[in-house]
Amino acid sequence: MSSRPEISMAERKRQLVSNELTEAALQLLALKGFDVVTVDEIVTAAGVSKRTFFRYFASKEDVVVQFLADMGTGMCAELAARPVEERPSVALLHAVSVPIATCGVHSDRALPVVQLILRTPALRARFLERQAQWRDDLSTVLARRLGLDPGTDLYPQLAAGMALTAFDAVLQRWSDSDGAEDSTELTDRAFAVIAPGLDSVERRASRVPASQ
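Residues numbered from 1 in each chain as written. Predicted model: local features only at pLDDT ≥ 70, side-chain atom pairs only at ≥ 80, totals over all residues. Heavy atoms only, no water.

Chemist: Which parts of the structure should I look at to understand the overall build of the protein?
Modeler: Helix and strand counts for the protein stand at 9 helices and 0 strands. Ordered by position from N to C terminus, the α and β elements of the protein give α-α-α-α-α-α-α-α-α. C-alpha extents for the protein along the principal axes are approximately 65 × 50 × 25 Å. Looking at the protein as a whole, 42% of its 212 residues are labelled buried. In the protein, the share of contacts with a sequence separation of at least 24, taken over all contacts with a separation of at least 6, comes to 68%. Considering the protein, the positive charge centre built from 24 side chains and the negative charge centre built from 28 side chains are found 3 Å apart. (Helix = DSSP H or I, 4+ residues; strand = E, 2+ residues; numbered from the N terminus. Buried < 20%, exposed > 50% of the residue type's maximum accessible area, 1.4 Å probe, protein only. Contact = heavy atoms within 4.5 Å. Lys, Arg positive; Asp, Glu negative; His and termini not counted. Charge placed at Lys NZ, Arg CZ, Asp CG, Glu CD.)

Here you go:
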């Protein structure tokens, strides 16, 4: 029992250092450019040693990858927490809105990072790679919510893919406008377009078990 507070304290300290490193790295990369910034500059800005940096990240690219991983985790957690009776389009809208709303609220810091990711080929590739994992994770949650078999039903993967396509389009539009367009409004507009497809597919899929 006495070891739990120590573990918790150690984990909190580790998370704090990781957050500080991530924040310093992302802001520096966004300000100066991904190819220009060195790890030495990042650790100087964060006030830690190079050894500490490599304890958390294998490279400066991994800092951005971790940022993207956290976005996906937030989406899946939100989708899993939505009421089961909620329409898929509404549940997915709320899930996708989590990172987008965060970007909108903290646009002064988030916009340069989003633009860095979308405008740097290597990071854009990792972003798309991460989205493939998000699609699988979201489809698993969707299948569980709807009582579908993700191995045989197409709906979960298709629905997750549609939601992430909307997510990508919103971020791109928001980035291209330099934050002038409201990210939440863009998200609502995007889902207004895909909602009929999401919900009509769900109704067809949900009738399959009932007919058996």
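Chemist: Teacher, can you tell me more about helix H2 (residues 39-46) here?
Modeler: Within an α-helix, residues lying three or four positions from one another point in the same direction, as the helix has 3.6 residues per turn. By the burial criterion, the buried members of H2 are Val39, Ile42, Val43 and Ala46. Buried residues in H2, looked at end-on, bunch into an arc of 95 degrees, giving them a common side. Away from the buried face of H2 by more than 90 degrees, exposed residues Thr44 and Ala45 are located. Looking one or two places after H2, you find Gly47, whose phi comes out positive at around 75 degrees. (Arc of directions from axis to C-beta.)

Chemist: Help me out: how do you make sense of the packing of aromatic side chains in this one?
Modeler: Within a pair of aromatic rings, the relevant descriptors are the distance that separates the centres and the angle that separates the planes. The tally for this structure, following the rule as stated, stands at 5 aromatic pairs. Between Phe53 and Phe57, the ring centres sit 5.7 Å apart and the planes meet at 45 degrees, which makes this aromatic pair tilted. A relative accessible area of 0% places Phe53 in the buried class. Between Phe127 and Phe167, the aromatic rings sit 6.3 Å apart at their centres with planes inclined by 55 degrees, giving tilted as the arrangement. Of this pair, Phe127 sits in helix H7 (residues 121-146) while Phe167 sits in helix H8 (residues 155-176); the two residues are 40 residues apart in sequence, bridging distant segments of the chain. Feature note: the residues Phe53, Phe54 and Phe57 constitute an aromatic cluster, connected by ring pairs. Seen from the ring of Phe34, Lys60 lies directly overhead, with NZ or CZ sitting 4.7 Å from the centre. (Phe/Tyr/Trp six-rings, centres within 6.5 Å; stacked < 30°, edge-to-face > 60°. Lys NZ or Arg CZ within 6 Å of the ring centre and 35° of its normal.)

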